[in-house]
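Single-letter residue listing:
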Amino acid sequence: MDKVQKSIIGILTMILLALLVYLTTMITNRQSDIIVGNFQAPPFEVHAEIGVPNEVDPLLNYSDIMIEGNYGFSIAGTPLLEKNELSVYFTNPKENTVWLLLRVYNALGEEIGTTGIVRPGEYVKTVRLDPNVDDESIRVKVLSYEPDTYYSLGTASATLPVITK
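Residues numbered from 1 in each chain as written. Predicted model: local features only at pLDDT ≥ 70, side-chain atom pairs only at ≥ 80, totals over all residues. Heavy atoms only, no water.

A. A look at the nonpolar core. Phe 73, Leu 86, Phe 90, Leu 102, Val 104, Leu 129 and Ile 138 are the most contacted members of the largest nonpolar core, which totals 24 residues. At the level of secondary structure, the elements contributing two or more residues to this core comprise β3 (71-76), β5 (85-92), β6 (99-105), β8 (122-128), β9 (137-145) and β10 (152-161). When sequence neighbours within four positions are dropped, the list of residues in contact with Leu 86 reads Pro 79, Leu 80, Leu 81, Val 104, Lys 125, Thr 126, Val 127, Leu 129, Ile 138 and Val 162. (Core = buried A, V, L, I, M, F, W, Y, C linked by side-chain atoms within 4.5 Å. Buried < 20%, exposed > 50% of the residue type's maximum accessible area, 1.4 Å probe, protein only. Helix = DSSP H or I, 4+ residues; strand = E, 2+ residues; numbered from the N terminus. Contact = heavy atoms within 4.5 Å.)

B. Highlighting the side chain of Glu 122. In this structure, Glu 122 sits in strand β8. Side-chain polar atoms of Glu 122 contact the backbone nitrogen of Arg 119, separated by 3.0 Å. In this structure Glu 122 touches Ala 48, Glu 49, Ile 50, Gly 51, Phe 90, Thr 91, Asn 92 and Ile 117, once residues within four positions along its chain are discounted. (Polar contact = N/O pair within 3.5 Å; in protein donor to acceptor, adjacent residues only side chain to side chain.)

C. Focus on the pairing of β10. Inspection of the sheet shows β9 paired to β10 by eight bridges, in the antiparallel sense. Across the sheet, residue Val 140 finds its bridge partner in β10, namely Ala 158. Taken together, β9 and the strand that follows it, β10, pair antiparallel across an intervening segment of six residues, in which Asp 148 is found at a positive phi of about 70°. (Pairing = 2+ DSSP bridges.)

D. Molecular detail of the pattern of salt bridges. In the structure shown here, the tally under the stated rule is three salt bridges. Close ionic contact of Arg 103 with Glu 111 constitutes a salt bridge, the shortest N to O distance being 3.7 Å. Looking at Arg 103, the relative accessible area reads 26%, which means it is partly exposed. Between Arg 119 and Glu 122 there is a salt bridge, with the nearest N and O atoms lying 3.4 Å from each other. Accessibility expressed as a relative area gives 9% for Glu 122, which makes it buried. (Salt bridge = Lys/Arg side-chain N within 4 Å of Asp/Glu carboxyl O.)

So, in structure tokens, the structure goes:
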């Protein structure tokens, strides 16, 4: 090899080394592609009661729901709306290992009520709704969280007819 060829090989080697250092720096310092928003952990339900509800009116169609075998909950399938209180009897069975939260939406999809987090072995009899709710049906959404981490374990939703008094 002559002197020109050795110079070219030396320059190419330096360029490759510089690229290698640059790529290594980029890979080690890059930001994660996962963007986490400003998650605010919901509070625990202050009106939660221990156990399961007794003597739920059969007209409310209180029943157990299983979500893909991972967890379950119980809720009134036909909740009673009296003034701005919706009787849902939302129950997180003591066998569950998840925290649950219930959100209520009107026919327009606007959130009109929510519970705090309900721990296993607790239930919430009623959810306070925004005033002037007169819909014949509501949409409920159950959010599930891994305890302490608030990692989402999925959601379930349904449209329920409402009994008004």
